Structure formats: structure tokens, C-alpha cells
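# Per-entry structural report
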Amino acid sequence: MSSLQFYNSLTRQKEVFSSLIPGRVGMYVCGPTVSGESHLGHARPFITFDIVYRYLRHLGYQVRYVRNITDAGHFEEEGRESEDKISKKAILEKMEPMELVQKYTNLFHWAMREFNNVEPSIEPTATGHIVEQIVMIQRIIADGYAYEANGSVYFDVEKYHRDFSAKGMQYGILSGRVLDDQLETTRELESQEEKRNKADFALWKHAAPEHIMRWQSPWGEGFPGWHIECSAMSNKYLGAEFDIHGGGMDLQFPHHECEIAQSAVCNHKIPAKFWLHNNMITINGRKMGKSYNNVIKLSELFSGTHEILTQGYSPMTVRFFILQTHYRSTLDFSNEALQAAEKGLRRIWEAFTQLNKLVISENNISAGDPDLEQKCFEVLNALDDDMNDDLNTAKVLAGLFELVPVINSIKDGLIKANALTTATMQMMKEKFNTFLVDIFGLRDEKKHDDQKLGAVLQLIAEIRKDARTKKDYATSDKIRNQLLEAGIQLKDEKDGGLSWELV
RNA sequence: GGUCCUGUGGCCGAGUGGCUAGGCAGAGCUCUGCAAAAGCUUCUACAGCGGUUCGAAUCCGCUCGGGACCUCCA
């Protein structure tokens, strides 16, 4: 079997993954800013890295997965308004800042549960780590790579670049940006005069009097810059050097680039070995974001209450939709695509359910259909390789879909039960379970397990069967049609049995 | 303007120098009292133009189109 490879943004190539400490993995993923409700675009990294987390654990690693909550807020428009995003909205809504933060944190957690994302090992908050951030800033100042100006502290990018290029940690190492170009093209912003250089970024910002969220620091009352929180928290919980740092591609620059610079000064190392970035979700070809005014919040997505939605899409449909594309490709949203995902998910899940119900004959050593046996065996074996190839979930799903007709045919008796060997049948069950449930985190959203409903339907099935035997189709059709209206679809099986599905 | 990514059939999307990806939709057939589901078969492809090659959707160049980042951003 192949070994796991990730595309590393830092080296711009696929690399075989190996952890710094055998058997253990440290992973940091940039979490949400809880100044508003999460939207569809936010779902992608958290689902993507949930898959990474699940897969690494599946491979036997003990993983510490750290995903922060940004609750201190960074600047909406750095310099110009110099205002804390979170406290700004809190004033509008007349809420305590922490009340607002709590509200959106709760909503975020709700969405994560809906998506069936495994909880991270540690979910640190920026406000809970002000001290660590201040200490880190002091260290950077002491080493001469940051300076104070009017109660704010800025990172000296040019000096850092000059000194650290020789150590192979030039500014731009991750994003491929050339600092000289930066210096020319960075926009003019009002409080730029505090900075020695346009490319410098804030480590600490002086708080204007109207600021609600503020903390004491050696430089007066203020609040931390955006980039420092991730550096401080990843360093605290994962150490100076850890295995994986993840986030959206839009964070590659400047956020992750700045993280590297900060950590490099403090620890003389690039903090993470592997940098993984998921691509964006677009809507009509445009990135989903506030500035484009095309945001679909997750609650709207699930309920269908947004003007561009023709219906609601369940969390598992969205999850499946995301999995059908490679994480480094852009994914374009459309009602058509989501509806296709919904149907595709239902199809594969139905086959999976049937597969688990199949009774596998024991000790069938010779396949009744050697060609089919061979084909299934190859498809099943390719699954791990595809997953190892930089998490090609799309290809894994395509492989599973190839087996769907086989499963359905066995169930319907179109393929003989002894066509496949016992070993292959068991492998099929195992792989479907492993990938769909354990690694992809899909789950049944319908309530099949309602025992009372099951009992009632059992009775109705018998009544309907009697009617059909007597060729009283008026009665049997009435039962079926009325139940369909009630959201229960009856299906007559080939063997005379009856199955139902909540629709 | 700078840096980078991308252009696959009606839609969404994998992909590799030579082998049908897959899903959804469409068409036909089978099964069925009729449905539904399912099975089988099937129609639409690799933006354009050159080049490298025995052979390219896959490599190179150019043209055209789309996007991301350079500012908060998942």
C-alpha cells in the first residue's frame, strides 16, 4: 500500500507525510472569528481538516488537533478605523462583547455538530491567551524585530527578511511573494506613518478610548494583532515545531506568512512542517465573502431561507458535496450541484445500508464470477491509495460508487450470492464502513430507528399486502399515496417484501 | 500593475503521456398490477492555435476566458 502524501504549500509539492514524533501528530487549524455567523465558505476548512484528523487517527496516529476561536477580533480595516471588529458590532447590537462572542461561538459549535465534525483536542480562545501573546511580542521586540509606536507594536518585516533570508526563512517563503514588490504595491492607509515600512504588520494595537475590548500591556491598553494569536497558541500547545498547519488558501498571505515570521524570530524555526490549504467555495464563480455580498449563512443553507436557494440542504448533503471535490480545487456552489449531491448521497447511503444487511456466506473461497471478483478487489484496494494521494476523497467516492451496482444486484438476486468470495464481501463491508462512516464522517440523517413508527408501518405493510394479494389495488394505492403525502415512501421489493423511506 | 491558480461532455466534478473516472440530468430497455427503487445499454468532453512525441485532455509556447492573493477574509 502507498504511504500518505500531502501537498505542502511550503514546498509547493506533494511530500510523503511523516510525523516529527513517531505515532503522534500535532495539527493546528485556524478557527473562526466569532463576530458573526459562519457561512458556507467556512464549512470547507472545518470539514476538510476534520477528514484529515479522522484519517490520521484511522492510520493509528495519536493526534492533538488545536483549532482556535478568534474572539478578540482583529481589524476590519487596519489603520483606517482602527477598530476592533467584535466590539464594533457589540455596540450596534447593544450586547456585552463577550455575550456576542458566546452567541456566535455557540452557533459555530452547533454547525460543527450538524456537520458531524469531531471536536478538536483543544479549542483555545484568543482572549484566554493575552498573556502568552504579550510575552511573545516582548521577545520579538527584545530581539530587535519589532518596535513600538504610539502604544502600538509593529513587526519589522524588512529587517526580518534581511536577517532571516540567509537562514532560509525569508519573508515570502510560504506565499512566494517578493518583499520588494510588496513594498511598492501595498495600499496607502492612514495610520501607515506609525510603521517604518508599508509591509510591517501590527503585533499589538493601541486601543482608542471608545474600545470596549482592551487589555493592559507594557505599551498601554490595547489589543493583540491578528497574526500573533495563532503563533502564541500553536506554540503553547504544540511546541516550537509541529506537524501540520491548516487553513483556507486566503490565509496563506498575509496571515500564515506572518505567523512564520513571528515564530521564526522566537523559535528560529518554521513552526510547521506541512502547510495545508483548502481552496475556496465560489458562488457564480466568485469567492463567498462579505465584500462580495454573496454570503449564505449555514442556518440559511440548512433551512433554505436565502433568496438564491431553491431548497434547504442538509448538513450531510453539504458535507458530501464538499467531499466530491478535491480540497485544493475551487468548488462552485449551485442549486443544481447541491441537488445532485443530495441524490448521490442518498444512492450511496442506500447501497451501504443494503450492504450491511446482506448475509455473507461463510467459507466461499472460489468466486462464482472471477472477473467481477477481480474488478471489485481492484476497486477496493485502490481506495486507500487514492486517500493517501493528498486526500483524494472525490476519487474514493467514485470508487465506492462503482460498487453500488454490484451491491444492489446482489441484493436483488441479479448477481448470485456466491459470485464474490467471502473475503471480498467482507472487505467491501469493511471499506464502506471505514470510509463513509469513520473517515468521511457521514451519518444517517433520517430517523429510521423510531420503533413505534416501525411497528405501525409493519402493520400497514401487512394490510397492504393482503389488499394486493386480493388485487384490491385501489386500497393498496391509497395506502401508498397517502403515506407518500405524509413523507413516507413505500417500495415494493422483488421478493414480495416492502421497504420504506422517509422523504 | 505584481504573484499564482485555472478552463473537462446539459450541470458538478476526478484524472494520468497510450486504458470507459464518478455523481446528477436526458434517452431506450428489463423487472413491476401500477408506481418507486433497482439493473442493463446509451448520447453529449477535454477553450483555441501551434510545438515536442510513434502517441497528448495530460508536457511546452502563444491567444482568449475565469478566478485567488497583494486589504479583513475559510
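If you're wondering where the values come from, they're calculated on a predicted model, not measured in any experiment.

### A few points about the overall build of chain A
When its secondary structure is counted, chain A shows 16 helices and 15 strands. Here chain A holds 503 residues, and the buried ones make up 52% of them. Contacts spanning at least 24 positions in sequence make up 74% of the contacts within chain A whose residues lie at least 6 apart. Working note: accessible area of chain A is about 23300 Å², and carbon and sulfur atoms make up 48% of it. For chain A, the centre of its 58 positive side-chain charges and the centre of its 71 negative side-chain charges are spaced 4 Å apart.

### As for helix α1 (residues 40-58)
Because each turn of an α-helix spans 3.6 residues, side chains separated by three or four positions end up pointing in the same direction. Taking 1.5 Å per residue as the helical rise, α1 with its 19 residues ought to reach 27 Å, and the 27 Å between its terminal C-alpha atoms agrees with that figure. For α1, a buried count of 16 out of 19 residues is recorded, marking the element as mostly surrounded by other parts of the structure. Positive backbone phi, at 105°, marks Gly 60, one or two positions downstream of α1.

### Observations regarding the sheet that holds strand β6 (residues 152-155)
Sheet architecture is open: 4 strands sit in the order β5-β6-β7-β8, paired in antiparallel fashion. If you trace the sheet from one side to the other, it starts and ends with β5 (146-149) and β8 (222-224), each paired once. Pairs of neighbouring strands in the sheet enclose a mean axial angle of 20°, with direction left out of account. Pairing analysis gives 4 bridges linking β5 to β6, with the strands arranged antiparallel. Paired with Glu 148 across the strands is Val 153, a residue of β6.

### Focus: the nonpolar core
Ranked by internal contacts, the top residues of the largest apolar core, which has 137 residues, are Tyr 160, Ile 244, Leu 301, Met 428, Phe 432, Leu 436 and Phe 440. In terms of residue count, α1 provides more of this core than any other element does, 10 residues in total. When residues of this core are assigned to domains, at least three map to each of domain 1 (23-278) and domain 2 (298-439). The contacts of Tyr 160, once residues within four sequence positions are left out, are Tyr 145, Phe 155, Ser 165, Met 169, Gln 170, Tyr 171, Ile 260, Ala 261, Ala 264 and Val 265. With 6 residues, the next largest nonpolar core counts Leu 457, Leu 483, Ile 488 and Leu 490 among its residues.

### What to know about helix α11 (residues 335-357)
Between its first and last C-alpha atoms α11 spans 33 Å; for 23 residues at 1.5 Å apiece the expected length is 33 Å, and the two agree. Those residues of α11 that sit buried are Asn 335, Leu 338, Ala 341, Gly 344, Leu 345, Ile 348, Trp 349, Ala 351, Phe 352, Gln 354 and Leu 355. Considering only its buried residues, α11 is in contact with α10 (315-323), β13 (331-333), α13 (393-411) and α14 (422-439).

### Some remarks on the packing of α11 against α14
At a minimum axis separation of 10 Å, α11 and α14 run at an interaxial angle of 135°. Viewed along their axes, α11 and α14 adopt a mutual orientation that is oblique. Of the two elements, α11 crosses α14, and the hand of that crossing is left-handed. Listed contacts from α14 to Ile 348, Trp 349, Phe 352, Leu 355 and Asn 356 of α11 are Met 428, Lys 429, Phe 432, Asn 433, Leu 436 and Val 437. When the residues that make up the contact of α11 with α14 are grouped by side-chain class, the tally is 8 nonpolar, 2 polar and 1 charged.

### Some details on the packing of helix α12 (residues 370-388) against α14
Two packed helices can be described by the angle between their axes and the distance between those axes. For the pair α12 and α14, the least separation of the axes is 10 Å and the interaxial angle reads 30°. By the angle class used here, α12 and α14 are roughly parallel. Relative to α14, α12 is oriented so that their crossing is left-handed. Where α12 abuts α14, its residues Glu 373, Cys 376, Phe 377, Leu 380, Asn 381, Leu 383, Asp 384 and Met 387 lie against Thr 424, Met 427, Met 428, Lys 431, Phe 435 and Ile 439. Its residues assigned to classes, the contact of α12 with α14 comprises 9 nonpolar, 2 polar and 3 charged.

### As for the sheet that holds strand β11 (residues 281-283)
Pairing within the open sheet is mixed, and its 3 strands lie in the order β12-β11-β13. Of all the strands in the sheet, just β12 (286-287) and β13 have a single pairing partner and so form its edges. Taken together, the 2 bridges between β11 and β12 define a ladder with antiparallel strand orientation. Residue pairing across strands places Thr 282 opposite Lys 287, the latter belonging to β12.

Parameters at a glance
Residues numbered from 1 in each chain as written. Chains lettered and ligands numbered in written order. Predicted model: local features only at pLDDT ≥ 70, side-chain atom pairs only at ≥ 80, totals over all residues. Heavy atoms only, no water. Helix = DSSP H or I, 4+ residues; strand = E, 2+ residues; numbered from the N terminus. Buried < 20%, exposed > 50% of the residue type's maximum accessible area, 1.4 Å probe, protein only. Contact = heavy atoms within 4.5 Å. Areas by Shrake-Rupley, 256 points an atom, 1.4 Å probe, with all protein chains shown as cover. Lys, Arg positive; Asp, Glu negative; His and termini not counted. Charge placed at Lys NZ, Arg CZ, Asp CG, Glu CD. Expected span 1.5 Å × (residues − 1). Pairing = 2+ DSSP bridges. Axes fitted to C-alpha atoms, helices over the stretch in contact; angles between N-to-C directions. Core = buried A, V, L, I, M, F, W, Y, C linked by side-chain atoms within 4.5 Å. Domains from an automatic or database assignment. Parallel < 35°, antiparallel > 145°, perpendicular 65-115°, else oblique. Left-handed = near helix turned anticlockwise from the far one by under 90°. Nonpolar A, V, L, I, M, F, W, Y, C, P; charged D, E, K, R; others polar.

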